[in-house]
Amino acid sequence: MTPEALERLFESVKNWGRWGPDDERGALNYITNEKRVAAARLVRDGEAVSCSLEFPVLPGPDNPTPAQHHMVMAGDAPEASGVPHLETALDYIGIAFHGMATSHIDALCHVFVRGRMYNGFPAADVKSTGALHNSIMAARDGIVTRGVLLDVPRLRGVPWLEPGTMIERAELEAAERAQRVSVAEGDVLLVGTGRDARRAALGTWDPLGVGLAGLHPNTIPFLHERRIAVLGTDCFSDPMGDPPIEAWPVPIHQCCLVAMGVHLIDNLELGRLATACSVRGRWEFLFSVAPLRIERATGSPVNPVAIF
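All of these numbers come straight from a predicted model, not from anything done at the bench.

Parameters at a glance
Residues numbered from 1 in each chain as written. Predicted model: local features only at pLDDT ≥ 70, side-chain atom pairs only at ≥ 80, totals over all residues. Heavy atoms only, no water. Patch = residues over 30% accessible without salt bridge, like charges linked within 9 Å, V, L, I, M, F, W, Y side chains within 5 Å. Areas by Shrake-Rupley, 256 points an atom, 1.4 Å probe, with all protein chains shown as cover. Salt bridge = Lys/Arg side-chain N within 4 Å of Asp/Glu carboxyl O. Helix = DSSP H or I, 4+ residues; strand = E, 2+ residues; numbered from the N terminus. Disulfide = S-S within 2.5 Å. Buried < 20%, exposed > 50% of the residue type's maximum accessible area, 1.4 Å probe, protein only. Phe/Tyr/Trp six-rings, centres within 6.5 Å; stacked < 30°, edge-to-face > 60°. Lys NZ or Arg CZ within 6 Å of the ring centre and 35° of its normal. Contact = heavy atoms within 4.5 Å. Polar contact = N/O pair within 3.5 Å; in protein donor to acceptor, adjacent residues only side chain to side chain. Arc of directions from axis to C-beta.

S.K.: How should a nonpolar patch on the surface be read in this particular structure?
M.R.: Judged by side-chain polarity, Phe-55, Val-57, Leu-58 and Ile-93 come together as a nonpolar surface patch covering roughly 380 Å² of accessible area. By the element assignment, Val-57 lies in the loop between β1 (48–50) and β2 (68–73).

This is the structure:
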């Protein structure tokens, strides 16, 4: 797609002003109380499936800034608490969660287009002290709704998609038909590429150098028309590997976060979920995401859970 085509596409899917000039929730507004109640009715056997990667403390090609986890107090010196007879263990964690190794949600202040973020707020409103608008606190009460997984490797009959592969709109629609499910308003749409299976078989790789599978820009109208609330993938949503389009290096991020107000969840572990769906022959479930309540933050690590 040309830069001019993406410019037109960006303008055509804008939700700015749809929920008022001060709105910071974006497409989360599609999730109504009635939608949550309907999603809860999808729970039948009660099995819960985590869709998060492990806390990424080990450096690797996809994790140049690993998370920190160390003990503050441990069982080899329980008396160190300073409180008589109190034996305890304490630890510390720290993380720069944006990147390719941590399961995290992007707030609507994470990406800008021409100096603006969702609903027209200026990029300058994200200051050294944090975001004045569109922070992750828009999801402070959690995201609970119907989740739908579209398993593209299953559709193609392969264990994974090779880095750089682009998933087009027609393929998302074909996956819906094959799985007998339709993406609807207020859903969390999860798109699997088999990244976890490839990692297990071949080891980790550098996403910037080797690439990642992702969604073709022609899927953007599909996401807009279906009025999804959140988009999640086991990769980065945008494909990586080919030279970027001028002025549109990450069109899925730019159009979802900035134009539509659709929060993105990156680096999910969708292999376990795909197995659970395949066993049951159904690809819809109750889905819950609980970001940390961090004032002015551009996102949060998450451990999303699907419940069958």
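S.K.: Explain the pattern of salt bridges here, please?
M.R.: Side-chain pairs of opposite charge can arise whenever the charged atoms involved come near each other. One pass over the structure, following the stated rule, counts 18 salt bridges. Across the pair Arg-114 and Glu-7 runs a salt bridge whose closest N-O atoms are separated by 2.8 Å. On the criterion of sequence distance, the pair formed by Arg-114 in the loop between β4 (104–106) and β5 (126–127) and Glu-7 in helix α1 (residues 3–12) is long-range, its members being 107 residues apart. Here Asp-187 ties to Lys-35 by a salt bridge, and the two come within 2.7 Å at their closest N and O atoms. With Asp-187 in the loop between α4 (169–179) and β9 (188–192) and Lys-35 in helix α2 (residues 33–40), the pair connects residues that are 152 residues apart, well separated along the chain.

S.K.: Would you mind going over the state of the cysteines with me for this structure?
M.R.: A disulfide bridge is the covalent bond that connects two cysteines by way of their sulfur atoms. For the coordinates displayed, the defined rule picks out zero disulfides. Cysteine Cys-51 shares no disulfide, and the gap to the nearest cysteine sulfur, in Cys-277, comes to 8.5 Å. A relative accessible area of 0% places Cys-51 in the buried class. Sulfur of Cys-256: no disulfide; nearest cysteine sulfur belongs to Cys-255 and is 7.2 Å away.

S.K.: Whenever I open this one, the packing of aromatic side chains confuses me. Can you help?
M.R.: Given two aromatic rings, one states the distance between the centres and the angle between the planes to describe the pair. Tallied over the entire structure, the rule returns four aromatic pairs. Plain terms: the ring middles of Trp-19 and Tyr-30 are 5.1 Å apart, the flat faces sit at 80° to each other, and that makes the pair edge-to-face. Residue Trp-19 is found in the loop between α1 and α2, and its partner Tyr-30 is found in the loop between α1 and α2; the two are separated by eleven residues along the sequence. Overall, Trp-19 belongs to the partly exposed group, its relative accessible area being 26%. Consider the rings of Phe-285 and Phe-287, whose centres lie 6.1 Å apart with planes at 55°: the pair is tilted. As far as the burial class goes, Phe-285 and Phe-287 line up, both buried. Three or more aromatic residues joined by ring pairs make a cluster, and in this case those are Phe-285, Phe-287 and Phe-308. The ring of Trp-205 has Arg-198 sitting right over it, with the charged end atom 4.5 Å from the ring centre.

S.K.: In this structure, what is going on with the environment of Glu-47? I would like to understand it.
M.R.: Mapped onto the elements of the fold, Glu-47 is located in the loop between α2 and β1. For Glu-47, the residues in contact, after removing those within four places along its chain, are Arg-280, Ala-306, Ile-307 and Phe-308. Of the polar contacts made by the side chain of Glu-47, one reaches the side chain of Arg-280; its length is 2.3 Å.

S.K.: How should the side chain of His-263 be read in this particular structure?
M.R.: Topologically, His-263 is positioned in strand β12 (residues 263–266). Using a relative accessible area of 0% as the deciding quantity, one classes His-263 as buried.

S.K.: What is the right way to read α1 from this model?
M.R.: Working note: α-helix, 3.6 residues per turn, so residues spaced by three or four point in the same direction. Every buried residue belonging to α1 is among Ala-5, Leu-6, Leu-9 and Phe-10, and all of these are buried. For α1, the angular spread of buried residues about the axis comes to 140°, placing them on one side.

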